[in-house]
Amino acid sequence: MSHVAEIQLEIRTNQLDCLEKAAKHLGVELVREQQTFKHYGGRQSPCAHAIRIPGNAKAFEIGVILSGTGNTYSLQWDQWAGAYGMVDKVGANGDKLKQEYAVQVAMKHARAQGYSVSRQLKQDGSVVLKAVRA
Amino acid sequence: MKTITITVNPTGETTIKTGGFSGSACKDATAAIEKALGAKVSDTPTAEMNNANPIQATNRS
């Protein structure tokens, strides 16, 4: 069944750069100020920014939607038919995007405090960041 | 040497451990990261907190 659903991830508006880096890491692109996102049957719904697959016009998009408070974004998309490629990129329920976003946020804030950060992928799919400072 | 180990599982759930800090300095060090990640779910200081041992904090985004 096709429907637009929310990815369970709250993004602070001042962390949009982390979402952008996470998207790039997964081979998708955050298009700032794209004000609609595409889903089932060519429908378009409003958003503040959108995530798309570059060079794939058929893939559904993810809408980055500003919350009522204006401090956070939520993500909405339609996973029907694998969103024509988007699910492969960002994972079922957006899990890969949620993981990479958390990685980018943690790296940004550790570096801002003067830490050197190394990154390691574990066999279970977890990402381990080691932040070290003298 | 101060270390912060951040583990992000495949669904984005995050665990933070610190080492090499004195007293509650480890909390200060991780506060910015935790805040940026979103609402904190649990934060469990260890008995050795005054002896530069790890605390754990878990974020579910």
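Look up: the structure comes first, before these words.
A few points on the structure. Each chain carries its own residue numbering, running from 1 in the written order of its sequence. To read the labels, note that chains go from A and ligands from 1, taken in the order they are written. Only residues with pLDDT of at least 70 get local features here, since the model is predicted, and only at 80 or more are side-chain atom pairs given and counted; chain-wide, interface and lining totals rely on the full set of residues. Where side-chain values are given, they derive from all heavy atoms of the structure, hydrogens and water being excluded.

Let's shift gears to the overall build of chain A. Secondary structure assignment for chain A yields three helices and nine strands. Secondary structure is summarised from DSSP: a helix means a run of H or I of at least four residues, a strand means a run of E of at least two, and numbering begins at the N terminus for each. Helices (α) and strands (β) of chain A occur, in sequence order from the N terminus, as β-α-β-β-β-β-β-β-α-α-β-β. Radius of gyration here is computed from C-alpha atoms only, and the compact-globule reference equals 2.2 Å multiplied by the residue count raised to the power 0.38. Here the C-alpha radius of gyration of chain A, 15 Å, is about what a compact globule of 134 residues would show, namely 14 Å. The principal-axis extents of the C-alpha atoms in chain A amount to approximately 55 × 35 × 25 Å. Pairs at least 24 residues apart make up 48% of the contacts formed inside chain A by residues separated by at least 6 positions. Only the protein chains shown count as cover for residues, and all accessible areas are computed by the Shrake-Rupley method using a 1.4 Å probe. Here chain A displays about 6,700 Å² of accessible surface, and carbon together with sulfur accounts for 48% of that area. His is not counted, nor are the chain ends, whereas Lys and Arg count as positive and Asp and Glu as negative. The location of each charge is read from NZ of Lys, CZ of Arg, CG of Asp or CD of Glu. Of the side chains in chain A, 17 bear a positive and 12 a negative charge, and the two mean positions are spaced by 6 Å. By definition, residues are in contact when any of their heavy atoms lie within 4.5 Å.

Attention now moves to the pattern of salt bridges. Residue and element names in this part refer to chain A. By definition here, a salt bridge exists when the distance from a side-chain nitrogen of Lys or Arg to a carboxyl oxygen of Asp or Glu is within 4 Å. Tallying each qualifying case throughout the model produces five salt bridges over all chains. Note that D17 and K108 form a salt bridge whose closest N and O atoms lie 3.2 Å from each other. Here D17, found in helix α1 (residues 16–25), pairs with K108, found in helix α3 (residues 95–112); they are 91 residues apart in sequence, far enough to count as distant.

On to the interface of chain B and chain A, then. Taken together, the contact pairs 24 residues of chain B with 26 residues of chain A. Taking both partners together, chain B and chain A bury about 2,000 Å²; carbon and sulfur atoms supply 58% of that area. If you sort the residues of chain B by the area they bury against chain A, V8(B), P10(B) and A36(B) come out on top, with a joint share of 25%. Connecting chain B to chain A are zero salt bridges. Polar contacts here mean pairs of N or O atoms no more than 3.5 Å apart (in protein, one a potential hydrogen donor and the other a potential acceptor; neighbouring residues in sequence count only if both atoms are side-chain atoms). Inspection of the chain B/chain A interface yields seven residue pairs in polar contact (both at pLDDT 80 or more). If you list the elements that add at least two residues to the side of chain B that touches chain A, you get β1 (2–8) and α1 (25–37) of chain B. Residue polarity is assigned by list, with Asp, Glu, Lys and Arg as charged and Ala, Val, Leu, Ile, Met, Phe, Trp, Tyr, Cys and Pro as nonpolar; anything else, Gly included, falls into the polar class. A per-class count over the side of chain B that touches chain A returns 12 nonpolar, nine polar and three charged. For two strands to be treated as a pair, DSSP must find no fewer than two bridges joining them. Bridge count for strand β9 (residues 127–133) of chain A against β1(B) is seven bridges, and the pairing is antiparallel. The buried area of a pairing is the accessible area, by a 1.4 Å probe, that goes missing from both parts when the two are put together, added over both.

So, about the side chain of Q34(A). Residues and elements named next belong to chain A. Tracing the backbone through its elements, the reader meets Q34 in the loop between β2 (29–31) and β3 (36–38). Within the local environment of Q34, its side chain forms a polar contact with the backbone oxygen of T36, the two atoms lying 3.0 Å apart. Beyond its immediate chain neighbours, meaning those up to four positions away, Q34 contacts C47, A48, H49, A50 and E61.

Take the packing of aromatic side chains next. Residues and elements named next belong to chain A. Aromatic rings from Phe, Tyr and Trp, with only the six-membered ring used for Trp, were paired whenever their centres fell within 6.5 Å, and each pair was classed as stacked if the ring planes differed by under 30 degrees, edge-to-face if by over 60, and tilted otherwise. Tallying each qualifying case throughout the model produces three aromatic pairs over all chains. On the basis of an interplanar angle of 85 degrees and a centroid distance of 4.8 Å, the ring pair of Y40 and W80 is categorised as edge-to-face. Of the two residues, Y40 is situated in the loop between β3 and β4 (44–46) and W80 in the loop between β7 (72–77) and α2 (86–90); the sequence distance between them amounts to 40 residues. Since its relative accessible area comes to 30%, Y40 is described here as partly exposed. Here the aromatic rings of W80 and Y84 are separated by 6.1 Å at their centres, their planes lie at 65 degrees, and the arrangement is edge-to-face. Overall, Y84 belongs to the partly exposed group, its relative accessible area being 30%. Ring-pair connections join several aromatic residues into one group, and the members of that group are Y40, F60, W80 and Y84. Residue exposure (1.4 Å probe, protein chains only): buried if accessible area is under 20% of the type maximum, exposed if over 50%, otherwise partly exposed.

All names here are of chain A. With a phi close to 65 degrees, E33 is a non-glycine residue in the positive phi region. Among the secondary structure elements, E33 is positioned in the loop between β2 and β3. Of note in the backbone geometry, N93 takes a positive phi value of approximately 60 degrees without being a glycine. Take N93: it is sitting in the loop between α2 and α3.

All names here are of chain A. Over its 18 residues, α3 extends 26 Å from the first C-alpha to the last, a length consistent with the 26 Å expected when each residue adds 1.5 Å. Burial analysis of α3 places 14 of its 18 residues in the buried class, the great majority of the element. Immediately beyond the C-terminal end of α3, within one or two residues, lies G114, with a positive phi of roughly 90 degrees. Working rule for helices: expected span equals 1.5 Å times residues minus one.

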